[in-house]
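Chain and residue survey
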Amino acid sequence: MGLLQLQDISCEKQDRVLFANLSLTLAKGELLFLKGENGAGKTSLLRIMVGLSKPQRGKVYFDGVDLTEDMSVCEKLIYCGHKLGLNASLNPVENLMFWSNTHGHNASLTELEDILEQLGLFGMEDLPLRQLSAGQQRRVSLAKLWINTHAKLWVLDEPFTALDKQTVELLENKLDSFVESGGSVVLTSHQQASLNCKQREWILEYLH
Ligand SMILES: Nc1ncnc2c1ncn2[C@@H]1O[C@H](COP(=O)(O)OP(=O)(O)OP(=O)(O)O)[C@@H](O)[C@H]1O
């Protein structure tokens, strides 16, 4: 069994079948690049993979556990959604500290400040998120990937959105090193990525 296994899952939204009887397995140390047209159902599929939505039919296993029955295993994955999931009134450190504490990682202030500096956010630690640019806010959200979490799986929905070239390269290198060290990734993006790690492309067809 792979790290993540989808068995015959189906999903319908507003009477439209997005996908039916879909099965796939993601191995340890593998990156799955999920592609498809706008509205094909990529975000819907990622949300099922991380247990945020339930499929109408089928099973999702992560690390050997049925996600539709037991969500506790989700501590071993990081989900960065298309929407950032950050609090606009909190500053970057507060946002990351809150996420870290509520996910049982307990990062230190020094670790978080160091990560923010690596991501070019030095000097912005005290600003509320709403005062940061779109790309800077995206960097704060992605900073979760730099925190020492021991996660086995990263599920990333359009992580390159709004990032400048330098930060895209930083993220690509991060993805390569995570996968090369045995981590697994599911990623959606409408833009190409320059990745060297073991990867598989998968196109979700738009069903009419
Ligand atoms: N909460 C919802 N309620 C009703 N319909 C929804 C909901 N979320 C998504 N949909 C519908 O499901 C379909 C697939 O949406 P989804 O966001 O999964 O597509 P996507 O492939 O991620 O698209 P994009 O490339 O534009 O991000 C769309 O037609 C959308 O309108």
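Residues numbered from 1 in each chain as written. Predicted model: local features only at pLDDT ≥ 70, side-chain atom pairs only at ≥ 80, totals over all residues. Heavy atoms only, no water.

The name that an unreviewed UniProt entry assigns to the protein is Cytochrome c biogenesis heme-transporting ATPase CcmA, with the source organism given as Agaribacter flavus.

A few points about the UniProt feature "domain: ABC transporter" (unreviewed entry) in the protein
The UniProt record annotates "domain: ABC transporter" (unreviewed entry) at residues 4–207. In the segment residues 4–207, helix accounts for 26% and strand for 26%; the C-alpha atoms at its two ends are 24 Å apart. (UniProt positions renumbered as here; feature names shortened; annotations may be inferred. Helix = DSSP H or I, 4+ residues; strand = E, 2+ residues; numbered from the N terminus.)

Quick notes on the pattern of salt bridges
For the structure shown, the criterion picks out nine salt bridges. A salt bridge links Arg200 to Glu30; the shortest N-O distance between them is 2.8 Å. In this pair, Arg200 sits in strand 9 (residues 199–203) while Glu30 sits in the loop between strand 2 (16–26) and strand 3 (31–35), placing the two residues 170 residues apart along the sequence. Taking relative accessible area as the criterion, Arg200 reaches 29% and is therefore assigned partly exposed. A relative accessible area of 8% places Glu30 in the buried class. (Salt bridge = Lys/Arg side-chain N within 4 Å of Asp/Glu carboxyl O. Buried < 20%, exposed > 50% of the residue type's maximum accessible area, 1.4 Å probe, protein only.)

Details of the packing of helix 2 (residues 92–102) against helix 3 (residues 109–118)
Two elements in contact, helix 2 and helix 3, have axes whose closest approach is 10 Å; the angle formed by their N-to-C orientations is 125°. Considering their axes alone, helix 2 and helix 3 lie oblique with respect to each other. The handedness of the crossing between helix 2 and helix 3 is right-handed. Packed against helix 2, whose contacting residues are Pro92, Val93, Leu96 and Met97, the element helix 3 presents Leu109, Leu112, Glu113 and Leu116 at the interface. (Axes fitted to C-alpha atoms, helices over the stretch in contact; angles between N-to-C directions. Parallel < 35°, antiparallel > 145°, perpendicular 65-115°, else oblique. Left-handed = near helix turned anticlockwise from the far one by under 90°. Contact = heavy atoms within 4.5 Å.)

Here's the deal with the sheet that holds strand 9
What links the strands of a sheet is backbone hydrogen bonding, and the strands pair in either a parallel or an antiparallel sense. Taken together, five strands build an open sheet; the order of strands is 6-7-8-3-9 and the sheet is parallel. Each of the sheet's edge strands pairs with one partner strand only, and the pair in question is strand 6 (77–80) and strand 9. Looking at each pair of strands side by side, their axes are set apart by 10° on average, direction ignored. Here strand 3 pairs with strand 9 via five bridges, running parallel. Bridge pairing in strand 9 places Leu31 opposite Gln199. (Pairing = 2+ DSSP bridges.)

Describing the pairing of strand 4 (residues 57–62)
Across five bridges, strand 1 (residues 4–13) lies against strand 4 in antiparallel orientation. Of the residues in strand 4, the one forming a bridge with Gln5 is Tyr61. As judged from the two bridges shared by strand 4 and strand 5 (residues 65–66), these two strands associate in the antiparallel manner. Pairing of Tyr61 across the sheet is with Asp66, part of strand 5. Between strand 4 and strand 5, which pair antiparallel one after the other, the connecting turn spans two residues, and Asp63 there sits at a positive phi close to 55°.

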